[in-house]
Amino acid sequence: MPERPDLEYVVPILSERLVGRGVASAEALNPVVMRVAVLGDGPSQLLGASVEAVTRRAHFVVFTLSGELDLVVHPMLAGRFELQEGSARRRKDTAFVLGIGDGQELRYRDDVQMGKVYIVPRVDADRVIPGFASVGIDVLSRAFTFKAFSALARQRRDQVKVFLMDKSALDALGNAYADEVLFEAGLHPKARVRELSEEQLEGLHKAIKAVLRQARDTIARRQPELSEKVRDFLKVRNRKGQPCPRCGTKIRAAGVHGHDAFFCPTCQPDVKGRGFVDWRKLKR
Ligand SMILES: [Zn+2]
(Lines give C-alpha, C1' and ligand atoms only; values in the text may rest on other atoms or scores of the structure.)
Protein backbone atom coordinates (compact mmCIF):
# COMPACT_ATOMS: atom_id res chain seq x y z
CA MET A 1 0.00 0.00 0.00
CA PRO A 2 2.14 2.79 1.16
CA GLU A 3 3.81 5.13 -1.22
CA ARG A 4 5.30 8.48 -0.44
CA PRO A 5 2.01 10.36 0.17
CA ASP A 6 0.72 7.57 2.42
CA LEU A 7 3.92 7.58 4.46
CA GLU A 8 3.81 11.37 4.75
CA TYR A 9 0.56 10.83 6.65
CA VAL A 10 1.40 7.66 8.60
CA VAL A 11 4.94 8.37 9.84
CA PRO A 12 4.21 11.57 11.83
CA ILE A 13 1.30 9.80 13.55
CA LEU A 14 3.50 6.85 14.46
CA SER A 15 6.15 9.24 15.68
CA GLU A 16 3.74 11.17 17.87
CA ARG A 17 2.30 8.02 19.40
CA LEU A 18 5.48 5.97 19.81
CA VAL A 19 8.46 8.20 20.58
CA GLY A 20 9.40 7.88 24.22
CA ARG A 21 7.55 4.57 24.62
CA GLY A 22 9.31 1.46 25.82
CA VAL A 23 9.12 -1.87 24.06
CA ALA A 24 7.14 -4.09 26.44
CA SER A 25 6.78 -7.03 24.07
CA ALA A 26 7.75 -8.01 20.55
CA GLU A 27 6.21 -10.89 18.63
CA ALA A 28 6.96 -12.14 15.16
CA LEU A 29 3.76 -13.85 13.99
CA ASN A 30 4.68 -14.38 10.36
CA PRO A 31 8.24 -15.57 9.75
CA VAL A 32 7.88 -14.91 6.00
CA VAL A 33 8.19 -11.14 6.47
CA MET A 34 10.90 -11.25 9.15
CA ARG A 35 14.50 -10.38 8.35
CA VAL A 36 16.50 -10.75 11.55
CA ALA A 37 20.12 -9.73 11.22
CA VAL A 38 21.21 -10.72 14.73
CA LEU A 39 21.98 -14.09 16.23
CA GLY A 40 19.41 -15.63 18.54
CA ASP A 41 15.81 -14.56 19.00
CA GLY A 42 15.59 -11.14 17.36
CA PRO A 43 12.28 -9.86 18.73
CA SER A 44 13.19 -10.60 22.36
CA GLN A 45 16.33 -8.48 21.96
CA LEU A 46 14.13 -5.41 21.46
CA LEU A 47 12.58 -5.70 24.92
CA GLY A 48 13.33 -2.81 27.22
CA ALA A 49 14.47 -0.49 24.45
CA SER A 50 12.61 2.75 23.95
CA VAL A 51 11.53 4.34 20.69
CA GLU A 52 13.71 7.38 20.01
CA ALA A 53 12.44 8.32 16.56
CA VAL A 54 10.14 7.18 13.79
CA THR A 55 11.23 8.41 10.38
CA ARG A 56 10.78 7.70 6.70
CA ARG A 57 13.68 6.77 4.48
CA ALA A 58 12.62 6.19 0.88
CA HIS A 59 9.85 3.61 1.29
CA PHE A 60 11.14 2.34 4.63
CA VAL A 61 9.73 3.24 8.02
CA VAL A 62 12.60 3.38 10.50
CA PHE A 63 11.96 2.91 14.21
CA THR A 64 15.14 4.12 15.88
CA LEU A 65 15.44 2.42 19.26
CA SER A 66 17.70 3.04 22.20
CA GLY A 67 20.41 0.41 22.20
CA GLU A 68 22.12 -1.06 19.18
CA LEU A 69 19.20 -2.52 17.26
CA ASP A 70 16.68 -0.74 15.07
CA LEU A 71 13.41 -1.90 13.60
CA VAL A 72 13.04 -1.10 9.91
CA VAL A 73 9.86 -1.90 8.00
CA HIS A 74 9.54 -1.99 4.23
CA PRO A 75 5.79 -2.29 3.71
CA MET A 76 6.06 -2.95 -0.05
CA LEU A 77 2.69 -3.49 -1.71
CA ALA A 78 0.22 -4.24 1.03
CA GLY A 79 1.87 -3.66 4.40
CA ARG A 80 0.00 -1.45 6.84
CA PHE A 81 0.31 -0.28 10.42
CA GLU A 82 -2.23 -0.23 13.21
CA LEU A 83 -2.14 1.16 16.71
CA GLN A 84 -4.51 -0.87 18.82
CA GLU A 85 -5.43 -1.85 22.34
CA GLY A 86 -3.74 -5.17 23.04
CA SER A 87 -7.16 -6.60 23.86
CA ALA A 88 -8.52 -5.79 20.36
CA ARG A 89 -8.85 -8.75 18.03
CA ARG A 90 -5.80 -9.33 15.88
CA ARG A 91 -6.44 -9.61 12.17
CA LYS A 92 -5.28 -12.78 10.46
CA ASP A 93 -2.70 -10.87 8.44
CA THR A 94 -0.94 -9.43 11.51
CA ALA A 95 2.72 -10.21 10.96
CA PHE A 96 4.56 -8.38 13.73
CA VAL A 97 3.47 -6.83 17.01
CA LEU A 98 5.28 -4.44 19.29
CA GLY A 99 3.80 -3.91 22.75
CA ILE A 100 4.40 -0.29 23.71
CA GLY A 101 3.10 -0.12 27.25
CA ASP A 102 -0.32 0.74 28.70
CA GLY A 103 -1.70 -2.28 26.88
CA GLN A 104 -1.15 -0.58 23.50
CA GLU A 105 0.26 -2.35 20.47
CA LEU A 106 1.83 -1.32 17.20
CA ARG A 107 0.78 -3.94 14.68
CA TYR A 108 2.22 -4.50 11.24
CA ARG A 109 -0.18 -6.26 8.90
CA ASP A 110 0.59 -7.67 5.48
CA ASP A 111 -1.93 -9.81 3.66
CA VAL A 112 0.32 -10.58 0.70
CA GLN A 113 3.46 -11.11 2.81
CA MET A 114 5.62 -9.08 0.46
CA GLY A 115 6.75 -6.53 3.04
CA LYS A 116 9.75 -6.99 5.27
CA VAL A 117 10.39 -6.33 8.94
CA TYR A 118 14.08 -5.97 9.68
CA ILE A 119 15.58 -6.26 13.14
CA VAL A 120 19.05 -5.05 12.49
CA PRO A 121 22.07 -3.56 14.27
CA ARG A 122 22.04 0.14 13.35
CA VAL A 123 25.61 -0.01 12.13
CA ASP A 124 24.74 -2.79 9.69
CA ALA A 125 21.52 -1.37 8.27
CA ASP A 126 23.02 0.14 5.11
CA ARG A 127 24.78 -3.09 4.28
CA VAL A 128 22.03 -5.54 5.22
CA ILE A 129 18.88 -3.85 3.88
CA PRO A 130 18.63 -3.74 0.08
CA GLY A 131 17.94 -0.21 -1.16
CA PHE A 132 18.55 1.39 2.23
CA ALA A 133 22.00 2.85 1.67
CA SER A 134 21.43 4.90 -1.45
CA VAL A 135 18.37 7.10 -1.36
CA GLY A 136 17.75 9.55 -4.17
CA ILE A 137 16.82 13.20 -4.12
CA ASP A 138 13.76 14.02 -2.02
CA VAL A 139 11.13 15.09 -4.53
CA LEU A 140 9.18 17.03 -1.92
CA SER A 141 12.20 19.03 -0.80
CA ARG A 142 13.69 22.28 -2.04
CA ALA A 143 16.65 20.34 -3.34
CA PHE A 144 14.42 18.92 -6.05
CA THR A 145 15.01 21.72 -8.53
CA PHE A 146 14.60 21.34 -12.27
CA LYS A 147 18.35 21.65 -12.62
CA ALA A 148 18.92 18.70 -10.27
CA PHE A 149 16.17 16.68 -11.92
CA SER A 150 17.36 17.26 -15.46
CA ALA A 151 20.95 16.41 -14.47
CA LEU A 152 19.67 13.04 -13.25
CA ALA A 153 17.45 12.50 -16.27
CA ARG A 154 20.23 13.25 -18.73
CA GLN A 155 22.17 10.25 -17.42
CA ARG A 156 19.32 7.85 -18.09
CA ARG A 157 18.79 5.58 -21.02
CA ASP A 158 15.84 3.63 -19.61
CA GLN A 159 12.09 3.97 -19.90
CA VAL A 160 10.61 6.93 -18.10
CA LYS A 161 8.49 4.84 -15.74
CA VAL A 162 11.54 2.81 -14.71
CA PHE A 163 13.46 6.03 -14.05
CA LEU A 164 10.66 7.48 -11.92
CA MET A 165 10.55 4.34 -9.78
CA ASP A 166 14.30 4.18 -9.17
CA LYS A 167 14.52 5.08 -5.49
CA SER A 168 18.25 5.54 -5.64
CA ALA A 169 17.56 8.45 -8.03
CA LEU A 170 14.26 9.86 -6.80
CA ASP A 171 12.85 9.65 -3.26
CA ALA A 172 10.35 8.40 -4.00
CA LEU A 173 7.71 7.21 -6.42
CA GLY A 174 6.10 3.79 -6.48
CA ASN A 175 4.03 2.13 -9.15
CA ALA A 176 0.79 4.00 -8.52
CA TYR A 177 2.14 7.54 -8.31
CA ALA A 178 4.54 6.99 -11.20
CA ASP A 179 1.46 6.27 -13.35
CA GLU A 180 -0.31 9.35 -12.03
CA VAL A 181 2.71 11.57 -12.68
CA LEU A 182 3.07 10.30 -16.25
CA PHE A 183 -0.61 10.93 -16.89
CA GLU A 184 -0.27 14.46 -15.54
CA ALA A 185 2.78 15.06 -17.73
CA GLY A 186 1.16 13.46 -20.81
CA LEU A 187 4.02 11.02 -21.28
CA HIS A 188 3.80 7.41 -22.38
CA PRO A 189 5.22 5.10 -19.66
CA LYS A 190 7.50 3.41 -22.19
CA ALA A 191 8.99 6.61 -23.57
CA ARG A 192 12.77 6.63 -23.27
CA VAL A 193 14.08 9.31 -20.93
CA ARG A 194 16.73 10.39 -23.42
CA GLU A 195 14.06 11.08 -26.04
CA LEU A 196 12.24 13.62 -23.88
CA SER A 197 12.56 17.24 -24.89
CA GLU A 198 13.57 19.95 -22.43
CA GLU A 199 9.95 21.03 -22.33
CA GLN A 200 8.73 17.49 -21.60
CA LEU A 201 11.28 17.13 -18.81
CA GLU A 202 10.09 20.40 -17.33
CA GLY A 203 6.52 19.13 -17.48
CA LEU A 204 7.56 15.89 -15.80
CA HIS A 205 9.37 17.74 -13.02
CA LYS A 206 6.31 19.89 -12.38
CA ALA A 207 4.01 16.85 -12.48
CA ILE A 208 6.06 14.97 -9.86
CA LYS A 209 5.81 17.87 -7.44
CA ALA A 210 2.17 18.63 -8.16
CA VAL A 211 0.87 15.04 -8.03
CA LEU A 212 2.68 14.10 -4.82
CA ARG A 213 1.81 17.32 -3.03
CA GLN A 214 -1.81 17.07 -4.02
CA ALA A 215 -1.98 13.44 -2.90
CA ARG A 216 -0.29 14.24 0.40
CA ASP A 217 -2.69 17.12 1.05
CA THR A 218 -5.75 15.10 0.06
CA ILE A 219 -4.84 12.26 2.42
CA ALA A 220 -4.10 14.70 5.23
CA ARG A 221 -7.50 16.32 4.73
CA ARG A 222 -9.33 13.00 4.68
CA GLN A 223 -7.60 11.76 7.87
CA PRO A 224 -8.09 8.05 7.22
CA GLU A 225 -7.47 5.29 9.73
CA LEU A 226 -3.79 4.48 9.87
CA SER A 227 -4.32 1.16 8.08
CA GLU A 228 -6.67 2.53 5.44
CA LYS A 229 -5.53 3.15 1.90
CA VAL A 230 -6.97 6.23 0.24
CA ARG A 231 -6.55 5.92 -3.51
CA ASP A 232 -9.99 6.75 -4.87
CA PHE A 233 -8.76 10.11 -6.18
CA LEU A 234 -6.20 8.58 -8.53
CA LYS A 235 -6.96 9.27 -12.19
CA VAL A 236 -5.51 6.32 -14.10
CA ARG A 237 -4.04 3.82 -11.66
CA ASN A 238 -6.07 0.59 -11.54
CA ARG A 239 -8.67 2.12 -13.86
CA LYS A 240 -8.22 -0.12 -16.89
CA GLY A 241 -11.22 0.13 -19.22
CA GLN A 242 -12.61 3.20 -17.49
CA PRO A 243 -12.85 6.50 -19.36
CA CYS A 244 -9.90 8.89 -19.09
CA PRO A 245 -11.00 11.81 -16.91
CA ARG A 246 -9.55 14.22 -19.45
CA CYS A 247 -10.59 12.86 -22.85
CA GLY A 248 -12.84 9.85 -22.30
CA THR A 249 -10.60 7.29 -24.05
CA LYS A 250 -10.48 3.95 -22.22
CA ILE A 251 -7.54 3.62 -19.86
CA ARG A 252 -5.14 0.86 -20.85
CA ALA A 253 -2.75 -1.30 -18.88
CA ALA A 254 0.60 -2.59 -20.06
CA GLY A 255 3.73 -4.15 -18.64
CA VAL A 256 6.79 -1.95 -18.29
CA HIS A 257 9.92 -3.74 -17.18
CA GLY A 258 8.11 -6.08 -14.80
CA HIS A 259 5.69 -3.46 -13.51
CA ASP A 260 2.19 -2.78 -14.68
CA ALA A 261 1.41 0.68 -16.01
CA PHE A 262 -1.96 2.33 -16.50
CA PHE A 263 -2.22 5.14 -19.00
CA CYS A 264 -4.45 6.94 -21.48
CA PRO A 265 -3.34 6.15 -25.04
CA THR A 266 -4.68 9.50 -26.27
CA CYS A 267 -3.32 11.83 -23.57
CA GLN A 268 -0.07 9.85 -23.34
CA PRO A 269 0.63 9.01 -26.98
CA ASP A 270 3.29 6.52 -27.94
CA VAL A 271 4.99 8.92 -30.33
CA LYS A 272 7.72 6.52 -31.36
CA GLY A 273 5.23 3.76 -31.99
CA ARG A 274 7.46 1.13 -30.50
CA GLY A 275 5.52 0.28 -27.38
CA PHE A 276 2.35 -1.33 -28.60
CA VAL A 277 1.10 -2.64 -31.86
CA ASP A 278 -2.61 -2.35 -32.48
CA TRP A 279 -3.24 -5.64 -34.30
CA ARG A 280 -6.79 -4.72 -35.24
CA LYS A 281 -5.51 -1.72 -37.20
CA LEU A 282 -2.83 -3.80 -38.93
CA LYS A 283 -5.41 -6.28 -40.23
CA ARG A 284 -7.38 -3.61 -42.05
ZN1 LIG B 1 -7.04 10.86 -22.07
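Residues numbered from 1 in each chain as written. Predicted model: local features only at pLDDT ≥ 70, side-chain atom pairs only at ≥ 80, totals over all residues. Heavy atoms only, no water.

## What about the overall build of the protein?
When you go through the protein residue by residue, the secondary structure sums to seven helices and 13 strands. Here the C-alpha radius of gyration of the protein, 21 Å, is about what a compact globule of 284 residues would show, namely 19 Å. In terms of overall dimensions, the protein has C-alpha extents of about 70 × 40 × 35 Å along its principal axes. Across the protein, contacts joining residues at least 24 apart in sequence account for 64% of those joining residues at least 6 apart. Of the roughly 13,900 Å² of accessible surface on the protein, a fraction of 49% belongs to carbon and sulfur atoms. Side-chain charges of the protein comprise 47 positive and 36 negative groups, with the mean position of each set lying 8 Å from the other. (Helix = DSSP H or I, 4+ residues; strand = E, 2+ residues; numbered from the N terminus. Rg over C-alpha atoms; globule rule 2.2 N^0.38 Å. Contact = heavy atoms within 4.5 Å. Areas by Shrake-Rupley, 256 points an atom, 1.4 Å probe, with all protein chains shown as cover. Lys, Arg positive; Asp, Glu negative; His and termini not counted. Charge placed at Lys NZ, Arg CZ, Asp CG, Glu CD.)

## Describing the coordination of the zinc ion
Tetrahedral coordination by four donors sets the ideal angle at the metal to 109.5 degrees; octahedral coordination by six donors sets it to 90 or 180 degrees. Within the first shell, the zinc ion binds the protein through Cys244 (SG), Cys247 (SG), Cys264 (SG) and Cys267 (SG), at distances of 2.2 to 2.4 Å. Of note is the zinc ion, whose four donor atoms meet at the metal with angles of 101 to 113 degrees in an arrangement that counts as tetrahedral. Of note, the donors binding the zinc ion are all from one chain and are spaced C-x2-C-x16-C-x2-C. Taken together, the positions of cysteine 247 in the loop between helix 6 (198–222) and strand 12 (252–256) and cysteine 264 in the loop between strand 13 (259–263) and helix 7 (279–283) put the pair 17 residues apart, joining distant regions of the chain. (Donors = N, O, S within 2.8 Å, 3.2 Å for Na, K, Ca; no water. Tetrahedral: all angles 85-135°; square planar, octahedral: opposite > 155°, others 65-115°.)

## Description of empty space enclosed by the protein
Tallied over the entire structure, the rule returns two cavities of 30 Å³ or more. Phe63, Leu71, Val73, Phe81, Phe96, Leu106, Arg107 and Tyr108 together form the lining of the second largest cavity. Put simply, the parts of the chain that give the lining of the second largest cavity at least two residues each are strand 5 (69–74) and strand 8 (104–109). The leading source of residues in the lining of the second largest cavity is strand 8, at three residues. Looking at the lining of the second largest cavity residue by residue, the class counts come to seven nonpolar, no polar and one charged. (1 Å grid on protein atoms, 1.4 Å probe; cavity = no way out; pocket = protein on both sides within 12 Å on 5 of 7 lines; lining within 4 Å. Points joined across faces, edges and corners; volume = space filled by probe spheres on them. Nonpolar A, V, L, I, M, F, W, Y, C, P; charged D, E, K, R; others polar.)

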